[in-house]
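Here's the letter readout for the chains.
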Amino acid sequence: MLRVLQIVRLSSRCSSSFVSRMRFLNGLKQNDDVCSAALQDAHMFLFHRLSPLLQRNHQGTFRTAELRASDVQSLLENLGSDRTLLQEAVLIGCTEQNQAQFCLDIGGLDQAAVEELCGGTFVDLKKSFFLLSGAEAPLVAKAQALLRWHQTSGFCSATGQPTHRNQAGSQRTCSSSGIIYYPKMSPVVIVLVSDGERCLLGRQATFPRGLYSALAGFCDMGETLEETLSREVAEEVGLEVQSFSFSSSQHWPFPQSSFMMACHASVSPAYSQLCVDHSELEDARWFSQQEVLSALQTPPHRGGGAPPPSGSPQNTPSLIDSSQSGSRTPDPEPVENQSDLV
Ligand SMILES: NC(=O)C1=CN([C@@H]2O[C@H](COP(=O)(O)OP(=O)(O)OC[C@H]3O[C@@H](n4cnc5c(N)ncnc54)[C@H](O)[C@@H]3O)[C@@H](O)[C@H]2O)C=CC1
Ligand SMILES: [Mg+2]
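Residues numbered from 1 in each chain as written. Chains lettered and ligands numbered in written order. Predicted model: local features only at pLDDT ≥ 70, side-chain atom pairs only at ≥ 80, totals over all residues. Heavy atoms only, no water.

Assigned secondary structure in the protein consists of 11 helices and 16 strands. Burial analysis of the protein (342 residues in total) assigns 47% to the buried set. (Helix = DSSP H or I, 4+ residues; strand = E, 2+ residues; numbered from the N terminus. Buried < 20%, exposed > 50% of the residue type's maximum accessible area, 1.4 Å probe, protein only.)

Here's what the structure looks like:
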């Protein structure tokens, strides 16, 4: 505990609270003892088989369950579980007050019993994404991605021997070769192509009915962002991009961790004839601004029945990848339809 206080004091000498928090977190990643001490007093985010524990407040909105490490220890005792399970928690961040935040998957415990004791529900991550707001959704996504990485990285791919994590869970080391593994993300470019008047959206056959999205694709080894963008647009819809600009980026936890880099790109109106590769996309079309605006105002399909015929007026997208626009719905019902996002 003394060392944690030293790190907090050292961090608090910095003028910026952001710098202070980043230094505090870095200290926890580098020193197992300090991290272990910080864990005793940490905020905990619980998961059950990679689904986060959410609580519904009086206004009907959802939040992550607010638990402290001591609550989790009591929970483990109550359920007759090994208290050392707490040591498997993974560091995910810290509060403005330099209080460490950890996540822990208690998938070995009885789900219903934990829900009852904590007064919450374990909710699938995709659904949680639409139920949580503000800073909570990305934090929960990061937590789940790190937990999943630990669950699937128990062995060294060079020696086949077990790997062991540091206390923060920011790396794993092969006990035999000493090779250090870090959590992995795949870089992806997502691009909204415009011909000056309209924007280009496409859908894969696996998307929920009515969902159209900007084009996306994984970066190949050795490619720059602009090379990926140009190649993906050429491969998927047969167009040559003239220019592009970077817009923003986001960690995307589905189905594995991707680092999404969002861009705008333009093509010449004279060369905007689409040649869709149907092995990748079921459909791709140009949409006017008005079509996009009215689609975003239309509630998503509630399942059942055949999709409207191609080209019919109803066949405009009922949901244009609200995950990318950052919109969230407080109503859990449409989540059933939206939660199968790409
Ligand atoms: N509009 C979209 O397609 C959106 C995509 N995303 C995310 O972006 C990711 C990439 O989009 P896609 O169109 O599916 O990519 P894509 O157009 O590159 O096609 C996917 C194919 O690329 C290959 N591939 C190459 N590197 C890969 C890697 N590191 N991991 C998995 N497959 C790899 C596989 O054969 C896979 O079937 C998706 O997994 C999804 O999570 C998110 C929002 C929208
Ligand atoms: Mg693609």
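This is not the end of the story, as more comes after the structure.
Where strands meet in a sheet, backbone hydrogen bonds hold them as pairs that are either parallel or antiparallel. Taken together, 3 strands build an open sheet; the order of strands is β8-β9-β10 and the sheet is antiparallel. Taken across any chain shown, the strands that pair with only one partner, and hence form the sheet edges, are β8 (163–165) and β10 (180–181). Here 3 bridges tie β8 to strand β9 (residues 172–174), and the two strands are oriented antiparallel to one another. Counted as the bridge partner of T163 is C174 from β9. (Pairing = 2+ DSSP bridges.)

Another point: the coordination of the magnesium ion (ligand 2). Coordination of the magnesium ion (ligand 2) by the protein involves A216 (O) and E236 (OE), with metal-donor separations of 2.1 to 2.2 Å. With a gap of 20 residues between them, A216 in strand β13 (residues 215–218) and E236 in helix α8 (residues 225–237) connect regions that are remote in the sequence. (Donors = N, O, S within 2.8 Å, 3.2 Å for Na, K, Ca; no water.)

Attention now moves to the nonpolar core. Counting residues in hydrophobic clusters, the biggest one holds 31 residues, and the most contacted among them are M44, L46, F102, L104 and I106. Listing elements by their share of this core, those giving two or more residues are α2 (17–30), α3 (32–39), β1 (43–48), α4 (69–78), β5 (90–94), β6 (100–105) and α5 (111–118). Contacts of M44, omitting those with residues within four sequence positions, involve L39, A65, L67, R68, A69, V72, L86, A89, F102 and L104. Counting 28 residues, the second-largest nonpolar core is a separate cluster that includes V90, L139, M260 and A262. (Core = buried A, V, L, I, M, F, W, Y, C linked by side-chain atoms within 4.5 Å. Contact = heavy atoms within 4.5 Å.)

So, on to the site of ligand 1. Ligand 1 sits among 20 residues. The nearest are Q204, S213, A214, E236 and F254. A distance of 3.4 Å separates a nitrogen atom of ligand 1 from a polar side-chain atom of S186. Within the side chain of Q204, one N or O atom sits 2.9 Å away from an oxygen atom of ligand 1. Bound to the protein, ligand 1 loses 65% of the 820 Å² it would expose on its own. Listed by contribution, the elements that provide at least two residues to the shell around ligand 1 are β11 (186–194), β13 and α8. In terms of residue class, the shell around ligand 1 is made up of 11 nonpolar, 5 polar and 4 charged. (Near = heavy atom within 4 Å. Polar contact = N/O pair within 3.5 Å; in protein donor to acceptor, adjacent residues only side chain to side chain. Areas by Shrake-Rupley, 256 points an atom, 1.4 Å probe, with all protein chains shown as cover. Nonpolar A, V, L, I, M, F, W, Y, C, P; charged D, E, K, R; others polar.)

This paragraph deals with the layout of surface pockets. Its boundaries defined by the atoms lining it, the largest pocket holds a volume of some 1,100 Å³. Among the secondary structure elements, those contributing two or more residues to the lining of the largest pocket are α2, β1, β3 (62–64), β5 and α7 (136–151). At 7 residues, α7 tops the list of elements feeding residues into the lining of the largest pocket. Residue composition of the lining of the largest pocket, by class: 21 nonpolar, 15 polar and 9 charged. The two domains that each donate at least three residues to the lining of the largest pocket are domain 1 (40–123) and domain 2 (186–338). (1 Å grid on protein atoms, 1.4 Å probe; cavity = no way out; pocket = protein on both sides within 12 Å on 5 of 7 lines; lining within 4 Å. Points joined across faces, edges and corners; volume = space filled by probe spheres on them. Domains from an automatic or database assignment.)

Now for unusual backbone geometry. In this chain, F254 is followed by P255 through a cis amide linkage whose omega measures -15°. Tracing the chain through its elements places P255 in the loop between β14 (243–252) and β15 (258–266). The backbone phi angle of R49 is positive, close to 45°, even though this residue is not glycine. Mapped onto the elements of the fold, R49 is located in the loop between β1 and β2 (51–56). Its identity is not glycine, yet L50 carries a phi of approximately 75°, on the positive side. Within the secondary structure, L50 sits in the loop between β1 and β2. With a relative accessible area of 15%, L50 lands in the buried category.

This part covers the packing of aromatic side chains. All chains considered together, the criterion is met by 4 aromatic pairs. Here the aromatic rings of F129 and W252 are separated by 5.8 Å at their centres, their planes lie at 85°, and the arrangement is edge-to-face. With F129 in helix α6 (residues 125–131) and W252 in strand β14, this pair connects stretches of sequence that are 123 residues apart. W252 shares its class with F129; the two are buried. (Phe/Tyr/Trp six-rings, centres within 6.5 Å; stacked < 30°, edge-to-face > 60°.)

Spatial relationships are all this shows, so hold off on functional conclusions.
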